[in-house]
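Letter by letter, the chains look like this.
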Amino acid sequence: MKLAIVGGGPAGLYLSILLKRQDPSHDVAVYERNPEGSTYGWGVTYWAGLLDKLRAGDPESAAAVAEASVTWTDGVAIVRDERTVHRGDAGFGIGRRRMLALLADRAEELGVRIEFEHDVPGPDAPELAGADLVVAADGVNSVLREAYADHFGSEVTSGRNHYVWLGTTKVFDSFSFAFKETEHGWIWCYAYGFSGERSTCVVECSPETWTGLGLDTRGEADSLNLLEKLFHDLLDGHELIGRERADGAAQWLTFRTLTNRVWHRGNLVLLGDAAHTTHYSIGAGTTLALEDALALADALRAPGDLDAALTAYGRRRRAELVSAQSAARYSAQWYENLPRYMNLEPAKMFALLGQRHSPLLPHVPPQLYYRIDRAAEQLEPLRRLKRWLGPRVARAVHGRR
């Protein structure tokens, strides 16, 4: 087969590896519009279950990713000025640029042709002519998907809060949060290490806080200076870094959640952020994109024609994403309603932070929910009732809207 993959992010590169492993005679090309080594984002997160899947797909690249990753086991939160710790499962961080370099090296080793600084402007581009399969792995702003947006049934909803993706020289050994109250409302930060030299810091706040603090009008240097002062106890005197590249500056954004009703049209198929996005607060974006690649490669391995394979891939992944998309939706809403939880003691607030995916939590007073949750840890019948009740309450509330 001749396969053209548009987009050299984790999903596109990993798919090229899987397809070359399945059949070395495949002609696989990856077209990436940006220069080699140029990427957005600082570090990405994942959990141990992803490594198991990557090892099954390609042990060599999985080993390289694991070796380049850092790990943590605890969560730390600073609420106002009080620090609390939550013991949790091991998580992993790796620099996005480092991950892409490892995947690109492995792909080229297997015979994949990667063309950087090669823009594919649309589905009629000459480099796609004659391809048996065209993979749109070109992100949330996919030009290939947008050419047929009505067919795919694309829908985009924007979140309420503003956020900015930053780096720092402080190396965190736990997934850390800081929540600071200002005269204009709450502002908070998620921080995690991804190498021995750098960490990611995502800062978020409501639109009222964003404008009240002047973050909508301040220049980058002035904004970073303000944020360093607000989060001084989290950063321990380290600086925040807005620019990853000489030609770019950190951008305040609102998160856009993308869904598509169908995932392919003829021989064109969607992958990763071109197909779906989930709010960054659940830390699953890269994992879900790589799982897309695994599922698409698996579907293409099955006997039958291409349309049947792509239909099966889309049906499978849309079903598998329901849980993650629900968790992401409730997680984003938890932060959008943050003041609801901030009168709790810090340890209780942090406990409910860990429960933010629950469909029941938005409909139960926080203090009561905390007591129910603690009791459910001891009583299995109450735990079952909590799991049963949450989706039903959520459906009933949405049904009245």
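A brief look at the structure comes next. These numbers come from a predicted model, not from an experiment.

**Digging into the packing of aromatic side chains**
- Inspection of every chain in the model, using the stated rule, returns 19 aromatic pairs.
- Relative to Trp 252, the ring of Trp 210 lies with its centre 6.4 Å away and its plane at 55°, an arrangement referred to as tilted. Remark: Trp 252 occurs in the loop between β13 (240-241) and β14 (256-259) and Trp 210 occurs in helix α7 (residues 207-212); sequence separation between them is 42 residues. Residues Trp 210 and Trp 252 agree in their burial class; the two are buried.
- Cation over ring: Arg 265 sits above Tyr 148, and NZ or CZ is 3.8 Å from the ring centre.

**Observations concerning unusual backbone geometry**
- At Arg 80, a position not held by glycine, the phi torsion is positive, near 55°.
- Following the sequence through the fold, Arg 80 ends up in the loop between β4 (70-79) and β5 (82-95).

**Concerning the pairing of strand β9 (residues 162-168)**
- Summarising burial for β9: six of the seven residues are buried, a large majority.
- As judged from the seven bridges shared by β9 and strand β12 (residues 199-205), these two strands associate in the antiparallel manner. Looking at the pairing, Thr 168 lines up with Ser 199 of β12.
- Inspection of the sheet shows β9 paired to β13 by two bridges, in the antiparallel sense. In the strand pairing of β13, Gly 167 is matched with Ile 241.

**Digging into helix α11 (residues 306-336)**
- Helix length check: α11, at 31 residues, gives a terminal C-alpha distance of 42 Å against a target of 45 Å (1.5 Å per residue), a fit within 8%.
- At Val 322, α11 shows its maximal kink, close to 40°.

**Notes on the pairing of strand β11 (residues 185-193)**
- For β11, the tally of buried residues reaches eight of nine residues, placing the bulk of the element in the interior.
- Taken together, the seven bridges between strand β10 (residues 175-182) and β11 define a ladder with antiparallel strand orientation. Bridge pairing in β11 places Ala 178 opposite Cys 189.
- Adjacent in sequence and paired antiparallel, β10 and β11 are bridged by two residues.
- As paired elements, β11 and β12 share seven bridges and run antiparallel to each other. Looking at β12, one finds that Trp 188 is bridged to Glu 204.
- In sequence, β11 turns back onto β12 through a hairpin of five residues.

**A closer look at the nonpolar core**
- Core analysis: the largest hydrophobic core is formed by 67 residues, its most contacted members being Tyr 14, Leu 15, Leu 128, Val 135, Leu 271, Leu 296 and Tyr 313.
- No other element matches helix α10 (residues 285-301), which puts ten residues into this core.
- Apart from residues no more than four positions distant in its own chain, Leu 128 is found in contact with Ala 4, Val 6, Val 120, Gly 122, Pro 123, Val 134 and Leu 144.
- One finds Trp 186, Tyr 280, Tyr 335 and Phe 350 within the second-largest nonpolar core, a separate group that totals 29 residues.

**Section: the pattern of salt bridges**
- What the rule picks out here adds up to 24 salt bridges.
- A salt bridge links Asp 58 to Arg 21, with the nearest nitrogen and oxygen atoms 3.2 Å apart. One end of the pair, Asp 58, is in the loop between α2 (48-57) and α3 (59-67); the other, Arg 21, is in helix α1 (residues 10-22), with 37 residues separating them in the sequence.
- Exposure remark for Asp 58: the relative accessible area of 0% places this residue in the buried category.
- The partner of Asp 52 in a salt bridge is Arg 55, with the nearest N and O atoms 3.1 Å apart. With Asp 52 and Arg 55 both in helix α2 and three residues apart, this pair spans about one turn of that helix.

**Quick look at the sheet that holds β12**
- Ordered by their spatial adjacency, eight strands build an open sheet running β3-β5-β4-β10-β11-β12-β9-β13, and the pairing between neighbours is mixed. The open sheet is flanked by β3 (43-47) and β13, the only strands paired with a single partner.
- Packed on one face of the sheet, helix α12 (residues 346-353) meets β4, β5 and β10 and runs near 35° to β5.

**A few points about helix α4 (residues 96-109)**
- Here α4 is 14 residues long and its end C-alpha atoms lie 20 Å apart, about the 20 Å a rise of 1.5 Å per residue gives.
- For α4, every residue scored as buried is listed here: Arg 96, Met 99, Leu 100, Leu 102, Leu 103, Ala 104, Arg 106 and Ala 107.
- Of the surrounding secondary structure, the elements contacted by the buried residues of α4 are α1, β3, α3, β5, β6 (113-115) and α10.
- Looking one or two places after α4, you find Gly 111, whose phi comes out positive at around 105°.

**Regarding the state of the cysteines**
- Enumeration over the complete set of coordinates arrives at zero disulfides.
- Left without a disulfide partner, Cys 189 is nearest to the cysteine sulfur of Cys 201, which lies 4.1 Å away.

**Brief notes about the packing of α1 against α2**
- Where α1 meets α2, the closest approach of the two axes is 10 Å, and the angle between their N-to-C directions is 35°. Where α1 abuts α2, its residues Tyr 14, Leu 18 and Arg 21 lie against Lys 53, Leu 54 and Gly 57.
- The residue makeup of the contact of α1 with α2, split by class, is three nonpolar, one polar and two charged.

**Some remarks on the packing of α3 against α4**
- The N-to-C vectors of α3 and α4 enclose an angle of 155°; their axes lie 10 Å apart at closest approach. Looking at the two axes, α3 sits roughly antiparallel to α4. In this structure, the crossing between α3 and α4 has a hand that is right-handed. Residues Glu 60, Ser 61, Ala 64 and Val 65 of α3 touch α4, and the partners they reach there are Met 99, Leu 102, Leu 103 and Arg 106.
- Its residues placed into classes, the contact of α3 with α4 shows five nonpolar, one polar and two charged.

Definitions and cut-offs
Residues numbered from 1 in each chain as written. Predicted model: local features only at pLDDT ≥ 70, side-chain atom pairs only at ≥ 80, totals over all residues. Heavy atoms only, no water. Phe/Tyr/Trp six-rings, centres within 6.5 Å; stacked < 30°, edge-to-face > 60°. Helix = DSSP H or I, 4+ residues; strand = E, 2+ residues; numbered from the N terminus. Buried < 20%, exposed > 50% of the residue type's maximum accessible area, 1.4 Å probe, protein only. Lys NZ or Arg CZ within 6 Å of the ring centre and 35° of its normal. Pairing = 2+ DSSP bridges. Expected span 1.5 Å × (residues − 1). Bend = angle between axes of the 7 residues up to and from the residue. Core = buried A, V, L, I, M, F, W, Y, C linked by side-chain atoms within 4.5 Å. Contact = heavy atoms within 4.5 Å. Salt bridge = Lys/Arg side-chain N within 4 Å of Asp/Glu carboxyl O. Axes fitted to C-alpha atoms, helices over the stretch in contact; angles between N-to-C directions. Disulfide = S-S within 2.5 Å. Nonpolar A, V, L, I, M, F, W, Y, C, P; charged D, E, K, R; others polar. Parallel < 35°, antiparallel > 145°, perpendicular 65-115°, else oblique. Left-handed = near helix turned anticlockwise from the far one by under 90°.

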